[in-house]
Each structure stands twice: as C-alpha cells, then as structure tokens.
Amino acid sequence: MIVVMSEGASREQVEAVMRKIEEFGLKTHPIYGVRKTVIGVIGDDKTKIVETMAGYPGVEQIIPILKPYKFAARETHPQDTVIEVAGVRIGGDRVVVMAGPCAVESREQILNTARLVKLAGGSVLRGGAFKPRTSPYSFQGLGEEGLRYLAEAREETGLPVVTELTDPRLIDVFCQYTDIIQVGARNMQNFVLLTEIGRSGHPVLLKRGPSSKIEDLLLAAEYIIKEGNRNIILCERGISTFETYTRNTLDLSAVAALKKLTHLPVVVDPSHSVGIASLVPAMSLAAVAAGADGLLIEIHPNPNAALCDGPQSLDFETFSNLMGKLRKVATAIGRTL
C-alpha cells in the first residue's frame, strides 16, 4: 500500500503520517518526489490505515499495491528513477554504454580497453575481477589484483567501474574499488547477497537470471530496495529457451515490459544474450530502439586470445563502428548517446 501526500503537504505532516502508520506495527518507506511525497507501507494488515487515515492532514489518497514487489513498482514512483554514478546519469534521456572485457586479465589489457571505451564515447568500464565459472578449472579472475587494475583505469580515464560481486563477505572491498556492483545472473536470487548490497547503499546492476520471470527480477530488486538502497539498474541478459543456436534468447519484450512495470532504469547485455560476436551489433541497435537505458557490451583487444568469453567479445574496431551506429538510432528516438 502507498499513501500519497498532497502536493502542499509539509514535512511535519509527512512525519506525522509515518508515525501514525508505525503505531500499527507497520514499516514505512518515504519517497520524496519533486512535487509530492509517497509513503510506502509494508505489513500484513493494512486495513486499519485505510479506515483511519484517509482524511489525515496532508493525505491525498491511499492506494493498495497488489503487486508483490511494492517499491520497485511504478505505482509507488511514477517518474523514472535516474541513477547518478560518478557524474554519469543512468535512466535519463541519454543511452549509457558500459563496455569492457569479460575478465580483467592484466594491467595492460584493462588500461588499453579503458582508453578505447573512453575514446569511442562509452560512459562506464566493465570488467570481471572475480569470475564465477561453471567449470572449477576455468579462469576464475585475478581477484583483488583485478579490482586494483580497474581502479587504476578509472583514475586514468575518469570512467566509473562496474564489476561483479559473488561473495557478500567482500562487499566492503568492492565498495572501495568499484562504482557499481554487478549481481550476475547466477546470483539474482542469492538473497543474502542482495540484502547486504541493499544495506551498503552502493549502486547495483542486477542481472536477470536465465530461467527467471520478469516478476522474479523485480522481486530480487525488492530485496535491495527494502533495505533502503534504491540505486538499482536492471539488466536483461537473455533467457534460456529451446533455441540452441544462440547462447541465450534475448528477450527485448522484457525491456518494454519493465519500463511499464517499474521506475528503475533498464539496460541490456547483448553479449551474454546471444554469445556470438557477429550478432552483438544488431542486438545492441535493437535494444536501444526498444527503449533500453543502456548497454553492457563485452570488448577485448584480441578476442581470439581472451581467457573468458572470447567468441562473444567485440574487437576494438567493431566496437568503435558500433558506437557510431548507436548514436544514429538514439537520435532517431529522441535520445543521445
């Protein structure tokens, strides 16, 4: 349930309403908008609020939220949420491109990649320092050494960094080195991890699991929001279907659906979706046309020698050419890159 305060409601009236709600043993989450304040209410029995507070000073209306995800729902926050990370706005009129290698392999590799991302017009550097791999014998990443290389690349180029966190015990280390914590598809329903990230308040990129419904993704976001962290970027990265030609099936309908259901920004990872480098440019263009707020693209100075996900990584020339085409599509739909 949400309590919508009137446009002229004072801060004192908002706080009085929250105190009254909490007297019923319910939890409140205020969302302060430009014009109005909305108070989210969490609890099992909300009928008392409807009965006693409809005419409370400053209250405009009380709206039940039937969806299981309360604070991720657009009803609680009609305006699009814009996440600002180190000067980069995600969720506004600009389409944000996050690019970099699947895994940080060396200092030289990540620095050269960061320079190219910056030169091509990218806004965020991606790179994995800790890599969850299906095989225990595959390259697992450089660990904290990789985080230090990412931080050095950020220092040189000014690009904020996104990298995946797999272990909640390392959250303080990640908050020190990175700007956006990525929750990978395998960990979308790692609720301990989501809760700790929620408590940290750190911006997070939350990937949809390969077998997860849209509602599952929004409920995972709810785990983070309920701890007070609304700095969430949702990521569509393909789902498992009967198709075997591509790595996954890119669900671009999910972009349009999410933009309708939630106020949170939505980005697309075309690289993990299709798993074939030659298909990534077309899917990137389609994602922007579908309304995605950003892209998460894997690039590598030498994809054939990559230690991780080389077949789906773009080389520098292809990425640079793609950026030019993305600008044209963004312009055509009234956005910038």
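Residues numbered from 1 in each chain as written. Predicted model: local features only at pLDDT ≥ 70, side-chain atom pairs only at ≥ 80, totals over all residues. Heavy atoms only, no water.

Novice: Is there a simple way to explain the packing of helix H7 (residues 214-225) against helix H8 (residues 253-261) in this structure?
Specialist: When two helices pack together, you describe them by how their axes are tilted relative to each other and by the distance separating the axes. At a closest axis distance of 11 Å, the pairing of H7 and H8 adopts a crossing angle of 50°. Taken together, the axes of H7 and H8 lie oblique to each other. As H7 runs across H8, the sense of the crossing is right-handed. The segment H7 lies against H8, with Ile-214, Leu-217 and Leu-218 engaging Ala-254, Ala-257, Leu-258 and Leu-261. Tallied by class, the residues present in the contact of H7 with H8 amount to seven nonpolar, no polar and no charged. (Axes fitted to C-alpha atoms, helices over the stretch in contact; angles between N-to-C directions. Helix = DSSP H or I, 4+ residues; strand = E, 2+ residues; numbered from the N terminus. Parallel < 35°, antiparallel > 145°, perpendicular 65-115°, else oblique. Left-handed = near helix turned anticlockwise from the far one by under 90°. Contact = heavy atoms within 4.5 Å. Nonpolar A, V, L, I, M, F, W, Y, C, P; charged D, E, K, R; others polar.)

Novice: Any chance you could explain the packing of helix H3 (residues 107-120) against helix H4 (residues 144-157) here in plain terms?
Specialist: At a closest axis distance of 9 Å, the pairing of H3 and H4 adopts a crossing angle of 35°. Crossing of H3 over H4 shows right-handed handedness. For the pair H3 and H4, contact is made by Arg-107, Ile-110, Leu-111, Ala-114, Arg-115 and Lys-118 and by Tyr-149, Leu-150, Glu-152, Ala-153, Glu-156 and Thr-157, respectively. Of the residues assigned to the contact of H3 with H4, the class counts are six nonpolar, one polar and five charged.

Novice: I would appreciate a short explanation of the pairing of strand E10 (residues 180-183) in the present structure.
Specialist: Consecutive residues of a regular strand have side chains that alternate between opposite faces of the sheet. Side-chain alternation along E10 places Ile-180 and Gln-182 on one buried face and Ile-181 and Val-183 on a second face that is also buried. Here strand E9 (residues 161-164) pairs with E10 via three bridges, running parallel. Looking across to E10, one finds that Val-162 is bridged to Ile-180. Read from E9 through helix H5 (residues 171-177) to E10, the crossover connection turns out right-handed. Of the pairings in the sheet, the one linking E10 to strand E11 (residues 204-207) comprises three bridges and is parallel in character. Each bridged residue has a counterpart across the sheet, and for Val-183 the counterpart in E11 is Leu-206. Handedness of the crossover joining E10 and E11 through helix H6 (residues 191-200) is recorded here as right-handed. (Buried < 20%, exposed > 50% of the residue type's maximum accessible area, 1.4 Å probe, protein only. Pairing = 2+ DSSP bridges. Right-handed = clockwise from strand over helix to strand, strands pointing away.)

Novice: Which parts of the structure should I look at to understand the sheet that holds strand E1 (residues 2-5)?
Specialist: Working definition: the strands of a sheet are paired by backbone hydrogen bonds and lie parallel or antiparallel to each other. A sheet is described by the order of its strands in space; here four strands give the open sequence E2-E3-E1-E4, paired in antiparallel fashion. This sheet does not close on itself; its edge strands, each paired only once, are strand E2 (27-32) and strand E4 (59-63). The mean inter-strand angle of the sheet, taken between neighbouring strand axes irrespective of direction, is 20°. Direction of pairing for E2 relative to strand E3 (residues 37-42): antiparallel, over a ladder of six bridges. The partner of Ile-31 across the bridge, within E3, is Val-38. Lying over the sheet, helix H1 (residues 11-23) contacts E1, E2, E3 and E4, oriented at roughly 160° with respect to E2.

Novice: Explain the packing of aromatic side chains here, please?
Specialist: For any pair of aromatic rings, geometry is given as the distance between the ring centres together with the angle between the planes. Scanning all chains against the criterion turns up two aromatic pairs. With centroids separated by 5.6 Å and ring planes inclined at 40°, the aromatic side chains of Phe-130 and Phe-174 adopt a geometry described as tilted. Of this pair, Phe-130 sits in the loop between strand E8 (124-126) and H4 while Phe-174 is found in helix H5, placing the two residues 44 residues apart along the sequence. Its relative accessible area of 22% is what places Phe-130 among the partly exposed residues. Classification of Phe-174 by relative accessible area gives buried; the value is 0%. Between Phe-191 and Tyr-223, the aromatic rings sit 4.3 Å apart at their centres with planes inclined by 20°, giving stacked as the arrangement. Taken together, the positions of Phe-191 in helix H6 and Tyr-223 in helix H7 put the pair 32 residues apart, joining distant regions of the chain. Exposure remark for Phe-191: the relative accessible area of 33% places this residue in the partly exposed category. (Phe/Tyr/Trp six-rings, centres within 6.5 Å; stacked < 30°, edge-to-face > 60°.)

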